[in-house]
Amino acid sequence: MWTRFLKDLTSEYEFSSPVSLGQLESAETTLGHALPQQLKDFYLESNGLYYRDSFLDVVWTLEKVGGENLEFRQNPDFKSLYMSFDNLLFFGELGNGDLFGFAVLGDGSTRHIYTWNHEDDSRQWVAESLTTFFEWLESGKIEAF
């Protein structure tokens, strides 16, 4: 579903081999909460999404999602510089230092996508779902690259 949907949007994406259910479960254990179902479904088709012209990982690999989120949540320097990252699940980037992530609610569920501005630590709503995120990214409603 995801690869066909994205290929219909643009030919500029490159896909990777999918991950296993075991890898998804391991990532969720590492993060301490479930991944959004739409993101899990994506990873079962492609372990990340690369935009050819910009050399940008629009969707990080599952391994990078785990590593980057743990770094942001546990780095003692970040705790004194930024608001908590415990309620964000980063999965991709704009290429300018800003990151995209799902909001993580208190019960561990996730919803809506936000962008985190690395310069002023602001968080802004950008899309209600991964589908809308990709559509708006390709239409220019979400500026990137």
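Below is a short write-up of the structure. Please read all numbers here as calculations on a predicted model, not as lab measurements. (Residues numbered from 1 in each chain as written. Predicted model: local features only at pLDDT ≥ 70, side-chain atom pairs only at ≥ 80, totals over all residues. Heavy atoms only, no water.)

**A look at the packing of helix H1 (residues 2-9) against helix H6 (residues 130-139)**
Okay, so step 1: Where H1 contacts H6, the two axes come as close as 10 Å, and the packing angle between them is 20°. One finds that H1 runs roughly parallel with respect to H6. Relative to H6, H1 is oriented so that their crossing is right-handed. Mapping the contact onto sequence places Trp-2, Phe-5, Leu-6 and Leu-9 in H1 and Leu-130, Thr-131, Phe-134, Glu-135 and Glu-138 in H6.
Okay, so step 2: Across the contact of H1 with H6, the residue classes break down as six nonpolar, one polar and two charged. (Axes fitted to C-alpha atoms, helices over the stretch in contact; angles between N-to-C directions. Helix = DSSP H or I, 4+ residues; strand = E, 2+ residues; numbered from the N terminus. Parallel < 35°, antiparallel > 145°, perpendicular 65-115°, else oblique. Left-handed = near helix turned anticlockwise from the far one by under 90°. Contact = heavy atoms within 4.5 Å. Nonpolar A, V, L, I, M, F, W, Y, C, P; charged D, E, K, R; others polar.)

**Let's talk about the pattern of salt bridges**
Close approach of charged atoms allows side chains of opposite charge to pair.
Okay, so step 1: Taken as a whole and assessed by the stated rule, the structure comprises three salt bridges.
Okay, so step 2: A salt bridge links Lys-40 to Glu-28, with the shortest nitrogen-to-oxygen separation between them at 3.1 Å. Within this pair, whereas Lys-40 is found in helix H3 (residues 37-43), its partner Glu-28 is found in helix H2 (residues 21-31), the two being separated by 12 residues in sequence. For the pair Lys-40 and Glu-28, a shared accessibility class is recorded, and that class is buried. (Salt bridge = Lys/Arg side-chain N within 4 Å of Asp/Glu carboxyl O. Buried < 20%, exposed > 50% of the residue type's maximum accessible area, 1.4 Å probe, protein only.)

**What to know about the sheet that holds strand E6 (residues 110-116)**
Okay, so step 1: Taken in spatial order, the four strands of this open sheet run E4-E5-E6-E7, and their pairing is antiparallel. Across the chains shown, the open sheet's two edge strands, defined by having one partner strand only, are strand E4 (88-93) and strand E7 (123-127). Direction aside, the axes of adjacent strands within the sheet are offset by 40° on average. (Pairing = 2+ DSSP bridges.)

**Quick word on unusual backbone geometry**
Okay, so step 1: The phi torsion at His-112 lies on the positive side, around 50°, for a residue other than glycine.
Okay, so step 2: The residue His-112 is located in strand E6 in this model.
Okay, so step 3: With a phi angle near 65°, Asp-121 is a residue other than glycine that sits in the positive phi range.
Okay, so step 4: Tracing the backbone shows Asp-121 in the loop between E6 and E7.

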